[in-house]
Amino acid sequence: QVHLVESGGGLVQAGGSLRLSCSASGRANRTYAMGWFRQAPGKEREFVSGISRSGVGTYYADSVKGRFTISRDIAKNTVYLQMNSLNPEDTAVYYCAGCPRYTIPSARPSAYDYWGQGTQVTVSS
């Protein structure tokens, strides 16, 4: 079993930045493809970004491309999401997720076996 904990969310003004972290424990000696998802009120959970098991491959939703950067520190079992130029449409609960079945991350939530509890990101206009 893998336990994921997100941190770094908060309230920020439009144009500001936040860095989310996702720390893994449990069977953390194994690395997985990891993804970040978000869910706004009344909307479905959507893929934001993902990183391959090795950390070489990174993937982004079109809505965040050029503004968000995903990275991982395998030694620390931590994945990061640097979010710049935030706008109110980025307001949501952000979740990190682990995908042990694949080498590269999927945009489908159903491909992920492990989920964090989520961290709220609120961007004011």
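So, here is what we can say about the structure in this document. Treat the numbers as computed from the prediction; the structure is a model and nothing was measured. (Residues numbered from 1 in each chain as written. Predicted model: local features only at pLDDT ≥ 70, side-chain atom pairs only at ≥ 80, totals over all residues. Heavy atoms only, no water.)

With antiparallel pairing, 4 strands are arranged side by side in an open sheet as 1-3-8-7. Each edge of the sheet is formed by a strand with only one pairing partner; in this case those strands are strand 1 (2-7) and strand 7 (68-73). Going across the sheet, the axis of each strand differs from the next one's by a mean of 15°, ignoring polarity. Across 6 bridges, the pairing between strand 1 and strand 3 (residues 18-26) is antiparallel. When the sheet's bridge partners are listed, V5 is paired in strand 3 with S23. (Pairing = 2+ DSSP bridges. Helix = DSSP H or I, 4+ residues; strand = E, 2+ residues; numbered from the N terminus. Axes fitted to C-alpha atoms, helices over the stretch in contact; angles between N-to-C directions.)

This next bit is on the packing of aromatic side chains. The final tally for this structure, using the stated rule, is 6 aromatic pairs. With a centroid separation of 6.4 Å and 80° between ring planes, the pair formed by Y95 and W115 is classed as edge-to-face. One end of the pair, Y95, is in strand 9 (residues 92-99); the other, W115, is in strand 10 (residues 114-115), and 20 residues separate them in sequence. Taken together, the aromatic side chains of F37, F47, Y95, Y112 and W115 make up a single cluster linked through ring pairs. Sitting over the face of the ring of Y95, R45 holds its NZ or CZ atom 3.8 Å from the ring centroid. Looking at R45, its charged tip hangs above the ring of W115, at a distance of 4.8 Å from the centre. (Phe/Tyr/Trp six-rings, centres within 6.5 Å; stacked < 30°, edge-to-face > 60°. Lys NZ or Arg CZ within 6 Å of the ring centre and 35° of its normal.)

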